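What follows is the residue order along each chain.
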Amino acid sequence: MITRPVRERPADQVRTMVAEGLKRTGYDEVALTSLSTADFSGIDQVVRDTVNDPSCGGQVSVSLPSLRVDAFTVGIAGEIQKARRTGLTFAPEAGTWRMRQVINKLITEEDLYAAVRSAYSQGWRRMKLYFLTGLPTETDEDTLGIATLARRCIEIGREYHRSPSVTVSLGGFVPKPFTPFQWFGQNTREELQRKIYLLRDELRRDHGIKLKWHDPKATMAEGLVSRGDRRLGPVIEDVWRHGGTFQEWSEHFDLDLWEAALERAGLREEDFVYRHRTEDEALPWDHLSAGLHKDFLWQDWRDALAEVGLEDCRWTPCYDCGACTGYGIEHVVASAVPPAGGSQGTGQDLAVGGEVPVVLLASKPVRVGAG
Ligand code: SF4
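Rules used in this analysis
Residues numbered from 1 in each chain as written. Predicted model: local features only at pLDDT ≥ 70, side-chain atom pairs only at ≥ 80, totals over all residues. Helix = DSSP H or I, 4+ residues; strand = E, 2+ residues; numbered from the N terminus. Buried ≥ 20, exposed ≤ 12 C-beta atoms within 10 Å, placed from the backbone. Contact = placed C-beta atoms within 7 Å. Core = buried A, V, L, I, M, F, W, Y, C linked by C-beta atoms within 7 Å. Near = placed C-beta within 6 Å. Nonpolar A, V, L, I, M, F, W, Y, C, P; charged D, E, K, R; others polar. Pairing = 2+ DSSP bridges. Axes fitted to C-alpha atoms, helices over the stretch in contact; angles between N-to-C directions.

Novice: With reference to specific residues and values, describe the overall build of the protein.
Specialist: Within the protein one finds 13 helices and eight strands. A burial count over the protein gives 32% of its 371 residues as buried. Counted over contacts in the protein with a minimum sequence separation of 6, partners at least 24 positions apart contribute 77%.

Novice: Would you mind going over the nonpolar core in detail, with residue names and values included?
Specialist: For soluble globular proteins, the rule of thumb is that nonpolar side chains tend to be buried together. Membership of the largest hydrophobic core comes to 36 residues, with the highest contact counts inside it found for Val116, Met127, Leu129, Ala150, Cys153, Val166 and Val168. Of all the elements in the fold, those that place two or more residues in this core are β3 (89-93), α4 (97-102), α5 (109-121), β4 (126-133), α6 (140-158), β5 (165-172), α7 (189-203) and β6 (209-213). Apart from the residues lying within four places of it in its own chain, the contact partners of valine 166 are Met127, Leu129, Ala150, Cys153, Ile154, Gly208 and Ile209. Counting residues in hydrophobic clusters, the runner-up holds 11 residues, among them Ala218, Leu224, Val235 and Trp258.

Novice: Please provide a residue-by-residue account of the site of the ligand, values included.
Specialist: As a structural note, the neighbourhood of the ligand is formed by 12 residues, with Arg4, Cys313, Cys318, Cys321 and Cys324 the closest of them. By residue class, the composition of the shell around the ligand is seven nonpolar, three polar and two charged.

Novice: Quick one: what's the story with the sheet that holds β4, residue by residue and with numbers?
Specialist: Pairing is parallel across the open sheet formed by four strands, whose spatial order is β3-β4-β5-β6. Two strands bound the open sheet, and with one partner strand each, they are β3 and β6. Within this sheet the neighbouring strands show an average axis-to-axis angle of 25 degrees, counted without direction.

Dropping the structure here:
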């Protein structure tokens, strides 16, 4: 939310950076990382140019760490396949359409299956599917929907391979400040564990599907740090003073340290992590500004509960969430500037048919191509 709106580097700039980086370092592997790499409008060309770059001996391996399934294309899979193939991760994030509407990941099952089919048909045997559990309004049906998706992916894989495999990676949802979910009371450790075991038992007899999950105890600590207030500073220091370093590494994480530190500070994890906040409650980060309007976030939270998804503002008129307008800035899509004699069109047209949409931040209110 705080890094909205989406802005892109020009594709040729990415290509140059990749080529120069490879030349100067001698590496033969490139990871194109961003929140949603495959959404980058020049991704096909960047991948194609990179794996085919003769100056790299045609041996460059490209990895796209997590692909948003709705943006995945056959072209990308095919291009990556030409070089060494690394793992393929899709992030549907939730097991049912209802749940994905709540979290605004508007990916249909057809999107996922088409992407998975594309990948299997081009030679991949192993996929990783990333999901979250503990999402707002999540029911057991939503949790078990993950098993249904994974099974269908395996079925598709069997059309192409004898023993396809799917690893379901399950994380626990941690609400973050400056998001619509900042008011949501995180699932307790016990509840997360119950959901994980529910899914584990459901998948126990499925060949080819492996379930991995993030420790709910660590998810609790993440929730604590995510939405704690200033009273938590001494707790973090206390954990550290008692030997709690590298707490993000599962082999080093020690819940006892956190519980003891909270107790010494006279605080309870329930108050920070599991409690639902109310609309009029002052939040610990209210005195900080990320541009976003609190009333926009509240409305977005209500919409999420009502299962109303909100399209990305690249393709719609501005919602005035505050990320730009809160700073007196409006965004201009560079490629939206029509060629001489051309028509301006709408944001939608530009998204589909335009050149690489470089999104610039302009200092005066100019709005192009958005209704
Ligand atoms: S202020 Fe408008 S254009 Fe900027 S991120 Fe929010 S919705 Fe998008």
